[in-house]
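Descriptive analysis of the structure
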Amino acid sequence: MRDCTLNFIRSPSLQSSLLHCVSVSPLKEYKTKTRSAILLINAGQLLTLRPTRQATGPRRGPDLRELGIINDGAVLCIGGKIVSVGTTKDALRDPWIRKHRKQLTEIDCASKVVTPGFVDSHTHPVFVRPRLVDFEKRIEGASYEQIAAAGGGISSSLQAVRNASTAALTDKVLAALKDMAAHGTTTVEAKSGYGLTLESELKSLEAIRKAASAWPGTVVSTLLGAHVVPKEFQHCSQKYVEIVCKEMIPRAARRSLAQFVDVFCDKGAFTPEETEQIFAAAQEHGLSVRAHMGQLSETLLAPFLRFDPASFDHLDHVNDDDVKRLAMRNTVATLVPGANYFLGLKTYPDARRFIDAGVPVALATDYNPGTSPTISMPMAMSLACTQMKMSPAEAIAAATINGAWALRMADRKGSIEPGKDADLAVFDIDDYREIPYWFGANHCSLAVFNGVLETRG
Ligand SMILES: [Zn+2]
């Protein structure tokens, strides 16, 4: 890890754009808007995640450990964007900041750790109730069939979502987003997938949109109509695939309700052929694709690469040729160790194999009621360190900049650089390694979401 000192206002053009920004809109006006001008100073460790010399795409191999730490760092945010990054000493000497300091909302980070807000690139927040029957029965050793017979399993989530109003689902999603925010997450990918009818999938996406508009962070929505084949289509899955391709995808695209289409491609879910059909429909309607792959069994990834997926998620089972292929592409391997933990599995995705081969790796919570009921990115990072042997630095980069790449938002998210969205999290600790170390605890004391400041407590 190298320390670095930057000039606070980095370039004359940035300085003039900053002054221009202020001259057309006086700073005092920012106070009356939701986005104030914020100056964070005295960050003991400011984890910038700024680009490394080599990297032009997602972080791979040794680059995943480069956090770009500035000791005693400072960040200036105006109008929802980061405008400059450097040391506190440089910031406080800067003529522009000296002149306008009284008009800035100043946050003294008191030597604590500041990171880019976490990017949780895989969540399923549109559900009504926790699946406590599944939880208890699984502990007793019940099979999937026994859990379903006892009233648990995915069908219990389906019924509740189909019966729920959009407003009720919106409240659930918003509550989850607020919990995520309290743990330092500022960008969330949110999937539908517990309705599995045209109406209830669109209703789920609508709930995501409404919740997103009431939350200061950023939400990326994904249509997961192809989560499982619903019971009523059990013996004619092709008919259901046609509903996904010919009704759900076109309607979601027309109403701009989703940016991505996801498919659960695995044993007991959708076949590779069905997945290709769904990907083709997504592409036809201008939506990007991502997929749950290799969670339960190995699926060959090669046939899907022509669709340029943003991410393959889970990847517990992958062959060596596919690892080599992924190492040459920007498709991110999104690992979700929370699911392995909660299901009590003895094995986890082989993160070291991916990282050492040069595959870009991201971490996400997979927040869902059946297999990973956690909203905590620090928990996912802790599991990544203890169970998948990722270093704390690798876990941080996987939870920030590579999560942003997994959502195709790396131009705006995932690092603390001038020009990017002002998404920051402050942790009440002295060293970034404490984030995954204190597992199960939340040390996030404050976060900034697109320039909106929220404190915890
Ligand atoms: Zn998932």
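Placed above this text is the structure.
Before going into details, it helps to say that this report is about the structure given with it. (Residues numbered from 1 in each chain as written. Predicted model: local features only at pLDDT ≥ 70, side-chain atom pairs only at ≥ 80, totals over all residues. Heavy atoms only, no water.)

Let us look at the nonpolar core. Of all hydrophobic cores here, the largest spans 109 residues; its most connected members are I278 and L315. Among the elements that line this core, the one with the most residues is helix 10 (residues 237–254), at nine residues. What I278 contacts, discounting residues up to four positions off in sequence, is A226, V241, V244, C245, I249, V261, V263 and F270. If you look at the next biggest cluster of nonpolar residues, it comprises 18 residues, including V75, I82, I107 and C109. (Core = buried A, V, L, I, M, F, W, Y, C linked by side-chain atoms within 4.5 Å. Buried < 20%, exposed > 50% of the residue type's maximum accessible area, 1.4 Å probe, protein only. Helix = DSSP H or I, 4+ residues; strand = E, 2+ residues; numbered from the N terminus. Contact = heavy atoms within 4.5 Å.)

Note on the zinc ion: its protein donors are H122 (NE2), H124 (NE2), H292 (NE2) and D366 (OD). The metal-donor distances range over 2.0 to 2.4 Å. For the zinc ion, the four donor atoms in the first shell make angles of 81 to 168° at the metal, so the coordination geometry reads as irregular. Sequence spacing among the residues donating to the zinc ion works out to H-x1-H-x167-H-x73-D. On the criterion of sequence distance, the pair formed by H122 in strand 6 (residues 118–123) and H292 in strand 10 (residues 288–293) is long-range, its members being 170 residues apart. What makes H122 buried here is its relative accessible area of 0%. (Donors = N, O, S within 2.8 Å, 3.2 Å for Na, K, Ca; no water. Tetrahedral: all angles 85-135°; square planar, octahedral: opposite > 155°, others 65-115°.)

Axis separation between helix 8 (residues 166–182) and helix 9 (residues 198–213) bottoms out at 8 Å; the angle between their running directions is 50°. Between helix 8 and helix 9, the crossing angle belongs to the class labelled oblique. For the element pair helix 8 and helix 9, the recorded crossing hand is right-handed. Contacts from T166, L169, T170, V173, L174 and L177 in helix 8 reach K203, S204, E206, A207, I208, K210, A211 and A212 in helix 9. Within the contact of helix 8 with helix 9, the residues separate by chemical class into eight nonpolar, three polar and three charged. (Axes fitted to C-alpha atoms, helices over the stretch in contact; angles between N-to-C directions. Parallel < 35°, antiparallel > 145°, perpendicular 65-115°, else oblique. Left-handed = near helix turned anticlockwise from the far one by under 90°. Nonpolar A, V, L, I, M, F, W, Y, C, P; charged D, E, K, R; others polar.)

Per the counting criterion, the structure on display carries one cavity of 30 Å³ or more. What lines the largest cavity is P378, F427, I429, E434, I435, A441 and H443. Its residues assigned to classes, the lining of the largest cavity comprises five nonpolar, one polar and one charged. (1 Å grid on protein atoms, 1.4 Å probe; cavity = no way out; pocket = protein on both sides within 12 Å on 5 of 7 lines; lining within 4 Å. Points joined across faces, edges and corners; volume = space filled by probe spheres on them.)

Relative to the assigned elements, D366 resides in the loop between strand 13 (361–363) and helix 15 (377–388). One buried charged residue, D366, forms no salt bridge at all, with the nearest opposite charge on K191 at 6.8 Å. At 3.1 Å, the side chain of D366 and the side chain of H124 are in polar contact. Beyond its immediate chain neighbours, meaning those up to four positions away, D366 contacts D120, H122, T123, H124, H314, V336, A339, T371 and S372. (Lys, Arg positive; Asp, Glu negative; His and termini not counted. Salt bridge = Lys/Arg side-chain N within 4 Å of Asp/Glu carboxyl O. Polar contact = N/O pair within 3.5 Å; in protein donor to acceptor, adjacent residues only side chain to side chain.)

On to the sheet that holds strand 12 (residues 332–335). With respect to topology, eight strands assemble into an open sheet ordered 6-7-8-9-10-11-12-13, the strand pairing being parallel. Pairing within the sheet leaves two strands with one partner each, and these edge strands are strand 6 and strand 13. Neighbouring strand axes in the sheet, compared pairwise and without regard to direction, differ in orientation by 25° on average. Here strand 9 (residues 260–265) runs beside strand 10; their pairing, made up of six bridges, is parallel. Residue pairing in the sheet places F260 in a bridge with S288 of strand 10. Contacting strand 7 (185–191) and strand 8 (218–226), helix 9 crosses the sheet at an angle of about 175° to strand 8. (Pairing = 2+ DSSP bridges.)

Counted as a void, the largest pocket has a volume near 1000 Å³. Along its surface, the largest pocket is lined by 41 residues, and R131, Y144, I154, V228 and F264 are the ones closest to its centre. Counting only elements with at least two residues in the lining of the largest pocket, the list comes to helix 5 (132–139), helix 6 (144–149), helix 7 (154–163) and helix 13 (337–342). Of the residues forming the lining of the largest pocket, the biggest block, five residues, is contributed by helix 7. Looking at the lining of the largest pocket residue by residue, the classes come out as 16 nonpolar, 16 polar and nine charged. Estimates place the volume of the second largest pocket at around 190 Å³. In this structure, the second largest pocket is lined by 13 residues; those nearest its centre are K178, A181, A182, E454 and T455. Broken down by element, the lining of the second largest pocket gets its largest block of residues, four residues, from strand 15 (residues 444–449).

Counted according to the given criterion, the structure contains ten aromatic pairs. Measuring from centroid to centroid gives 5.6 Å for F118 and F427, while their planes differ by 45°, and the two rings are tilted. One end of the pair, F118, is in strand 6; the other, F427, is in strand 14 (residues 424–427), and 309 residues separate them in sequence. The burial state of F118 is the same as that of F427; both residues are buried. Three or more aromatic residues joined by ring pairs form one cluster here, namely F127, Y194 and Y367. Directly above the aromatic system of F260 lies the positively charged group of R290, at a separation of 4.5 Å from the ring centroid. (Phe/Tyr/Trp six-rings, centres within 6.5 Å; stacked < 30°, edge-to-face > 60°. Lys NZ or Arg CZ within 6 Å of the ring centre and 35° of its normal.)

Time to look at the environment of A384. Summarising the element assignment, A384 is placed in helix 15. Sequence separation of A384 and A398 is 14 residues, and the distance between their C-alpha atoms is 9.8 Å. Look past the residues within four positions of A384 in its chain and what remains in contact with it is P337, L363, K389 and M390.

One pass over the full model with this rule turns up 24 salt bridges. Among the ionic pairs, R101 bridges to E106, the shortest N-O distance being 2.7 Å.

Interpretation in functional terms is not warranted from these geometric data alone.
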